[in-house]
Amino acid sequence: MTGRMSIVDGDITRLRVGAIVNAAKESLLGGGGVDGAIHAAAGPELLAECRTIGGCPTGEARITGGYRLAARHVIHTVGPVWHGGGRDEEALLAGCYRNSLALARDNGVSTIAFPAISTGVYRFPAIRAADIAARTVADFLAQNGLPESVLFCCFGRASADAHRAALKALA
């Protein structure tokens, strides 16, 4: 399944894919980092749709239109804040990937791009997060035909290196 996963370094808001994943806050009403960049690039229509959803609990996912983005959809998922590993953070992070992939599958999305969920201001250790992402995605892809391909859109070399190592460990 690792052949269906790849790594890109760049701006997730510019990717021409079926869906990009937004590392969102529970309110889904925008924020900083990836969340703010996606909302800014998508335009006010994204925020208007998000207002109708009623939020999203940590580990779950919701889907909206992509509006002014190159991606057709945005899948919003709320990653866990890292508190040292004793608050089920790893299971919640795996849930982010699994639930996002299930929404992609159920909505006919063939290509999906993920940021490194929870590794910014939520402080999840990057190497551990990349391992969880790679394993969870590989397990999902082994049982599902969609999405056909998954991109890990990394912001910076350290994140890309962590994801490369995680994919290599699966091979």
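Residues numbered from 1 in each chain as written. Predicted model: local features only at pLDDT ≥ 70, side-chain atom pairs only at ≥ 80, totals over all residues. Heavy atoms only, no water.

Describing the packing of aromatic side chains
Argument step 1. Using the criterion set out here, one finds three aromatic pairs in the structure.
Argument step 2. When the centroid spacing of 4.7 Å and the interplanar angle of 40° are considered together, the rings of Y97 and F114 count as tilted. On the criterion of sequence distance, the pair formed by Y97 in helix α3 (residues 89-106) and F114 in strand β5 (residues 111-114) is long-range, its members being 17 residues apart.
Argument step 3. Put simply, the rings of Y97, F114 and F152 touch in pairs and so form one group of aromatic residues. (Phe/Tyr/Trp six-rings, centres within 6.5 Å; stacked < 30°, edge-to-face > 60°. Helix = DSSP H or I, 4+ residues; strand = E, 2+ residues; numbered from the N terminus.)

Focus on unusual backbone geometry
Argument step 1. For the bond running from L146 to P147, omega is -5°, close enough to zero to count as cis.
Argument step 2. By the element assignment, P147 lies in the loop between α4 (126-143) and β6 (149-154).
Argument step 3. Positioned with a positive phi, L28 is a non-glycine residue whose angle comes to about 65°.
Argument step 4. Tracing the sequence through the fold places L28 in the loop between β2 (19-23) and α1 (33-42).
Argument step 5. With a phi angle near 55°, Y67 is a residue other than glycine that sits in the positive phi range.
Argument step 6. With respect to the element layout, Y67 can be found in the loop between β3 (61-65) and β4 (73-77).

Topic: the side chain of N22
Argument step 1. Among the structural elements, N22 can be located in strand β2.
Argument step 2. Given a relative accessible area of 0%, N22 falls into the buried group.
Argument step 3. Only 3.2 Å separates the side chain of N22 from the side chain of H76, close enough to count as a polar contact.
Argument step 4. Those residues in contact with N22, other than ones at most four positions away along the chain, are V34, D35, I38, H39, V74, I75, H76 and T77. (Buried < 20%, exposed > 50% of the residue type's maximum accessible area, 1.4 Å probe, protein only. Polar contact = N/O pair within 3.5 Å; in protein donor to acceptor, adjacent residues only side chain to side chain. Contact = heavy atoms within 4.5 Å.)

None of the figures reported here should be taken as evidence of function without further support.
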